[in-house]
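# Tertiary structure, described
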Amino acid sequence: MTETINETKHQFNAEVGKILQLMIHSLYTNKDIFLRELISNSSDAIDKLRYLSITNPDLSKDDHNYKITIETNEQDGTITITDNGIGMSKDELINNLGTIAKSGTQAFLEQITGDAKKDTQLIGQFGVGFYSSFMVAESVTVKSRRAGSDEAWEWKSLGDGEFTIKEDNYDKRGTKIILKLRENSKEYLDRHRVSYVVKTYSDHISAPITFIDSEGKEENLNSSSALWTKSKSEISDEEYKNFYKAVSHQFDDPWMVLHNRNEGLVEFTNLLFIPSRKPFDLFHPDRMARVKLYIKKVFITEQVELIPAYLRFLRGVVDSQDLPLNISRETLQHNAVLEKIKRAIIKRVLSELKKKAENNLEEYKAFWENFGAVLKEGLCEGGEFRDDILEVCRFNSTHDNEQTVSLADYISRMKEGQNTIYYLTGDSLESLRKSPQLEGFVSRGIEVLLFNDHVDEFWVNVVQEYKEKEIKSITRSEIDLENNNLSEEAKKDEEDTKERFTKLTNHIKSLLGDSIKEVKLSKKLTESPTCLSVPEGAMDIRMERFLLEQKQLNSGSAKIFEINPKHDIINYLANKESFGPEDDMLIKILFDQACIVEGEPVNDASEFANFVTNVLKKAYL
Ligand code: ADP
Ligand code: MG
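Below or above, wherever it landed, is the structure these notes cover.

Conventions we followed
Chains are numbered independently. Their residues run from 1 in the order of the written sequence. As a convention, the first chain written is A and the first ligand written is 1, with the rest following in written order. With the structure being a predicted model, the display of local features is reserved for residues of pLDDT at least 70 and the display and counting of side-chain atom pairs for 80 or more, all residues being used for whole-chain, interface and lining totals. Only heavy atoms go into the side-chain values, all of them from the structure, while hydrogens and water stay out. Buried means the residue's accessible area, taken with a 1.4 Å probe over protein chains only, is under 20% of the maximum for its type, while exposed means over 50%, and partly exposed covers the values in between. Helix and strand definitions follow DSSP, with helices as H or I runs of at least four residues and strands as E runs of at least two, each counted in order from the N terminus. We treat two strands as partners when DSSP finds at least two bridges between them. Here the term patch refers to residues with relative accessible area over 30% and no salt bridge, with like charges joined within 9 Å and nonpolar side chains (Val, Leu, Ile, Met, Phe, Trp, Tyr) within 5 Å. Here the accessible surface of atoms and residues is derived via Shrake-Rupley with a 1.4 Å probe, and residues count as covered only by protein chains that are part of the display. The salt bridge criterion pairs a side-chain nitrogen of Lys or Arg with a carboxyl oxygen of Asp or Glu, the two atoms within 4 Å. Charged residues are defined narrowly, with Lys and Arg counted positive, Asp and Glu counted negative, and His plus the chain ends left uncounted. For the purpose of locating charges, the reference atoms are NZ of Lys, CZ of Arg, CG of Asp and CD of Glu. Between N-to-C directions, angles cover 0 to 180 degrees, with each direction set by a line fitted to C-alpha atoms, over the stretch in contact for helices. Contacts between residues were defined by any pair of non-hydrogen atoms, one from each residue, lying within 4.5 Å.

Strand β3 (residues 78-83) sits mainly inside the fold: six of its six residues count as buried. Residues of β3 alternate between two faces, with Thr 78, Thr 80 and Thr 82 on one and Ile 79, Ile 81 and Asp 83 on the opposite face, all of them buried. Pairing of strand β2 (residues 68-73) with β3 involves six bridges; the strand directions are antiparallel. Looking across to β3, one finds that Ile 70 is bridged to Ile 81. Connecting β2 to the antiparallel partner β3 that follows it, the hairpin turn spans four residues, and Gly 77 within it adopts a positive phi of roughly 65°. Alignment of β3 against strand β7 (residues 174-181), held across six bridges, turns out to be antiparallel. Pairing of Thr 80 across the sheet is with Ile 178, part of β7.

Once that is clear, we can look at a negative patch on the surface. A grouping of Asp 387, Asp 388, Glu 465, Glu 468 and Glu 470 is seen on the molecular surface, where their side chains present a negatively charged patch. Position of Glu 470 relative to the elements: it lies in strand β20 (residues 469-473). Looking at Glu 470, the relative accessible area reads 37%, which means it is partly exposed.

Okay, the sheet that holds strand β10 (residues 254-262) next. Read across the open sheet, the five strands follow the order β10-β11-β14-β12-β13; overall the sheet is mixed. The sheet terminates laterally at β10 and β13 (298-301), the two strands that pair on one side only. Mean inter-strand twist for the sheet, computed between neighbouring axes without regard to direction, equals 20°. Relative to strand β14 (residues 315-320), strand β11 (residues 268-275) runs antiparallel, the two sharing six bridges. Bridging across to β14, Thr 269 finds its partner in Asp 319. Its contacts with the sheet place helix α10 (residues 361-380) against β10 and β11, and it is angled at close to 95° to β10.

Written out as structure tokens, the structure is:
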């Protein structure tokens, strides 16, 4: 029993413990993915060795035939997955299979709710790697020898919170994983079952996968060709779908497949997918696209800025012949060829989106709902593709309650002499549609775009025009709805009105003091008595509030208080000889109302409540 002498016991860290609990105790509906996960790890390990061998050929000189084998043994009830990839040292066994290192699993943990049913679905969506082997195995043994090392180690666990490590005499390069199957998972001893799972999830794996049954019979299970190198006509929809699922770890079908061989300034092949569902890590802070970069069919990295953040919903593979294989991942970051590939991909994706939006708006809507907000981030970055992005943007609008519109639609409907694209931002479409700010526009038949994504606040600060039309928020007060072509008579009318209201506006200004910047007779209100606005050039109201919430601004600016000269209440006040406490109360209520509608805090909420109660008493009692 010399082996036990150097055996050490280790505890899984707490997060792994949580995952294992879920794996073992949650009723899991798709056990098959354990095999996909282990094969994908083997394939990663082979990719890693292939990559390292470029600069250090000695690492793989003992065996150049990269391969993965799956063996079953009826008698022992085991299934064994072996690869001749990079392998793991003792420390790597402890760290990689004892803690949670990788982003996928980490993100999974962040989303765990504690509700077993929901969490089980989550596992299905994420696939949480190595630990999924405990769904089918009562014990897992990993034997591994790192390429170039003369030591081998064995890792073993029953999935019960701890694992052991001891030295081993495994004499091959790479990793062997032996699963002792649970009573309810013996189906994975069956060749047909295994073959089915491999074909479904792992057919594209570039190393050959061989099945060896209890009698030693061998069978090849996958086509092991890089799918993207085939021509489109040789690839079925089914193959594209399966490849997408494998490469993205998503369970949906792709919304769009972009498979192109590019021959121009740079040669490269892209097989990219736009998912039909939001990937779980879409809003992960790293904002990276999970697109794999290959050079001449050798996997290089996923961690490279090949796809701009605003297209990070893309999944898939880019393979180029024009990059040198021995380039380090670090120098790739600033590589000119890579930069060209990036531009070509952006162009292609945007032009495909444009085609789709023009030819099939219904389908395009599904994309836009998932990823429109992400795509609009690209507008904030400025850059040469801004107009292309604007062209594929779809917005809600006062023109139509159901359909979204494009800027081109908007421009085609502009009024005679209108040179501005008007918009209003807000938290929800519902409240936007009810905003008093819209009244004057709607009554004059001027269309207003309704922006309710967070990112809209930002890009409107960067993009001030499109096709020589100004893009402008209607909360700016200076919008001249009469278009400056007033007749003499109308001008006189306006002067008269102003005069009639002078007493009231002066009084309001002295009553509300610093809470407001000024009082203005509104041109845009028709139904509502009052609203808030900001001076020309000032920050949009919602943008300011956002910055306040983010503590990037210390205090808000005073707003312009617009009053509607056509409104009965305003006229009632204007006709007063003098103003008493009752009138002041009314003015304050009107102001607080305008704040509330705009989502601004009221000055003194309890005073407001008291006022309203007083008015209600008068009305009802
Ligand atoms: P992920 O693959 O997302 O990193 P896993 O849980 O599947 O997460 O695997 C954890 C880590 O264990 C891998 O990142 C890798 O470092 C290591 N690993 C797992 N299987 C193998 C293998 N067959 N060969 C070498 N390393 C492996
Ligand atoms: Mg993995």
